[in-house]
Amino acid sequence: MDLYEYQGKELFRRFGIPVSEGRLATTPPEARAAAEEIGGPVVVKAQVLTGGRGKAGGVKLADDPGDAEQKAEGILGLDINGHVVRKLWIESASEIAKEYYLSITFDRGAKRVLFMLTTEGGVEIEEVAATKPEALARLHVDPLEGFQPYQARRLIYGAGIADPEEQKQIAKIVEQLYRCFVETDAMLCEINPLIVTPEGEVRALDSKFTVDDNALYKHPDVEEMRDPEAYPPEERAAREKGVTYVKLDGEVGILGNGAGLVMSTLDVIALVGGRPANFCDLGGGGDAQGVVDALEVITADSQVRSILFNIFAGITRCDVVAQGILEALSQIKIEQPIVVRFDGTNAEEGRQILADAAPPNLHVEPTMLDAARRAVELAA
Ligand code: GDP
Ligand code: MN
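Residues numbered from 1 in each chain as written. Chains lettered and ligands numbered in written order. Predicted model: local features only at pLDDT ≥ 70, side-chain atom pairs only at ≥ 80, totals over all residues. Heavy atoms only, no water.

**A word on the overall build of the chain**
Consideration 1: What the chain contains, in helices and strands, is 13 helices and 19 strands.
Consideration 2: Dimensions of the chain, computed from C-alpha atoms along their principal axes, come out at roughly 80 × 50 × 35 Å.
Consideration 3: Taken across its 380 residues, the chain has 49% of its residues classed as buried.
Consideration 4: Taking the contacts inside the chain whose residues are at least 6 apart along the sequence as the reference set, 70% of them involve residues at least 24 apart.
Consideration 5: Accessible surface, the chain as shown: approximately 17,700 Å² in total, 50% of it carbon and sulfur.
Consideration 6: Distance between charge centroids for the chain: 3 Å, based on 39 positive and 62 negative side chains. (Helix = DSSP H or I, 4+ residues; strand = E, 2+ residues; numbered from the N terminus. Buried < 20%, exposed > 50% of the residue type's maximum accessible area, 1.4 Å probe, protein only. Contact = heavy atoms within 4.5 Å. Areas by Shrake-Rupley, 256 points an atom, 1.4 Å probe, with all protein chains shown as cover. Lys, Arg positive; Asp, Glu negative; His and termini not counted. Charge placed at Lys NZ, Arg CZ, Asp CG, Glu CD.)

**So, the site of ligand 1**
Consideration 1: Not every one of the 15 residues close to ligand 1 is listed here, only the nearest: Lys45, Arg53, Gly54, Ser94 and Glu99.
Consideration 2: Contact distances for ligand 1 include 2.8 Å between a nitrogen atom and a backbone N or O atom of serine 94.
Consideration 3: For ligand 1, whose unbound accessible area comes to 560 Å², protein coverage reaches 78%.
Consideration 4: When residues of the shell around ligand 1 are traced back to their parent elements, those giving at least two are β3 (42-46), β4 (59-62) and β11 (186-196).
Consideration 5: Residues belonging to the shell around ligand 1 are distributed by class as follows: seven nonpolar, four polar and four charged.
Consideration 6: When we break the shell around ligand 1 down by domain, the ones giving at least three residues each are domain 1 (21-92) and domain 2 (98-223). (Near = heavy atom within 4 Å. Polar contact = N/O pair within 3.5 Å; in protein donor to acceptor, adjacent residues only side chain to side chain. Nonpolar A, V, L, I, M, F, W, Y, C, P; charged D, E, K, R; others polar. Domains from an automatic or database assignment.)

**A closer look at the coordination of the manganese ion (ligand 2)**
Consideration 1: Within the protein, Asn192 (O) and Asp206 (OD) serve as the donor atoms for the manganese ion (ligand 2), at 2.1 to 2.2 Å. Of this pair, asparagine 192 sits in strand β11 while aspartate 206 sits in the loop between β12 (202-204) and β13 (208-211), placing them 14 residues apart in sequence. Each member of the pair, asparagine 192 as well as aspartate 206, is classed as buried. (Donors = N, O, S within 2.8 Å, 3.2 Å for Na, K, Ca; no water.)

**Section: the environment of valine 19**
Consideration 1: Relative to the helices and strands, valine 19 is located in the loop between α1 (5-14) and β2 (22-25).
Consideration 2: Residues valine 19 and alanine 204, 185 residues apart in the sequence, show an inter-C-alpha distance of 5.2 Å.
Consideration 3: In this structure, valine 19 is in contact with Lys9, Phe12, Arg13, Arg203 and Ala204, ignoring residues within four places of it in sequence.

**A closer look at the sheet that holds strand β7 (residues 88-92)**
Consideration 1: The strand order across the open sheet built from four strands is β2-β7-β3-β4, with neighbouring strands paired in antiparallel fashion. Each edge of the open sheet is held by one strand with a lone partner, namely β2 and β4. Mean inter-strand twist for the sheet, computed between neighbouring axes without regard to direction, equals 20°.
Consideration 2: Pairing of β3 with β4 involves four bridges; the strand directions are antiparallel. Directly across from lysine 45, in β4, lies its bridge partner valine 59.
Consideration 3: Each of β2, β3 and β7 is contacted by α1, which is oriented at about 50° to β7, the strand it contacts most.
Consideration 4: Each of β3, β4 and β7 touches helix α3 (residues 65-75); the most contacted strand, β4, lies at about 165° to it. (Pairing = 2+ DSSP bridges. Axes fitted to C-alpha atoms, helices over the stretch in contact; angles between N-to-C directions.)

Rendered as structure tokens:
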């Protein structure tokens, strides 16, 4: 789950990382009131779950409350990379002497946590990595040893930061960011820019924060930060119904039971020249209600042109899944053709149930490969 800038900063603040004072606003008058409370010049910042807001006109300085109201008027409703601005963060404006970059994430290849720090902040990190890789200091943290203070110093020297006052503050921020990352079960915490003010004070001016969905049960306060309106309707429905759903880019909607089977189904679809639109994993269950829920979620995705049901039943029983499919067809109107492949426990019985009911637009195929071919043909 991605957090908004203001939510990430709230977490930074809790771990002691310095951030500017700010308020949330959803209307221009609220932006004015926020600017009045904060006092002095402010920055009006679009809150959207995407980067590059500055370039898109979503970050504006305002000299006084009236100006903040005007800037808010201009930013609310703006479309930034497909995200419509509904919330603003009004923050006390900072004077910037230098812009650095600091992040912590997983280096999956190295199986370690990775810090990155560079004095070339403010721009996209990919650009720095491509054009000035020598300016990007990297540091791995061993998960068993944990973070050691000397590592912060090594990172800071590596980035060529020589000012002792900056070194001291950044060393502290690196340590706090490590704790923040570990204790919130984050997958990415990025501060770009990490600024130095003309007075030499170091502060996080932006936050990009991703937390691990699978650890959210441990963090109800973070879970609460989820904004349901930021997600497409089928993703919202999936979460409400407890369906495992992943959106992809193609045309074939996929329903399977078990992550391994679903992954191979994606491969087989690709093998026969198709592209999956999404997938739902029914898990070990596959009871009638589970099938109804999953079909509802899958068909809410307007990109789906055909649906492939791939069931290899162990504990799951194909006859129960067949009942679920018929149940779903009686409850919801499904426009797209459905292709079914059953194997394993009660596969014969399942096929018989579907053959007896013979719903229109439903095709039963004997193998995974045949079913994938059929689904791809029907999506064409
Ligand atoms: P992003 O474009 O989505 O990464 O949004 P940022 O929060 O990083 O803001 C973009 C840029 O706006 C920053 O790199 C700064 O140069 C500028 N900016 C943001 N806040 C302030 C501020 O308080 N004062 C000044 N002078 N510039 C700011
Ligand atoms: Mn930024």
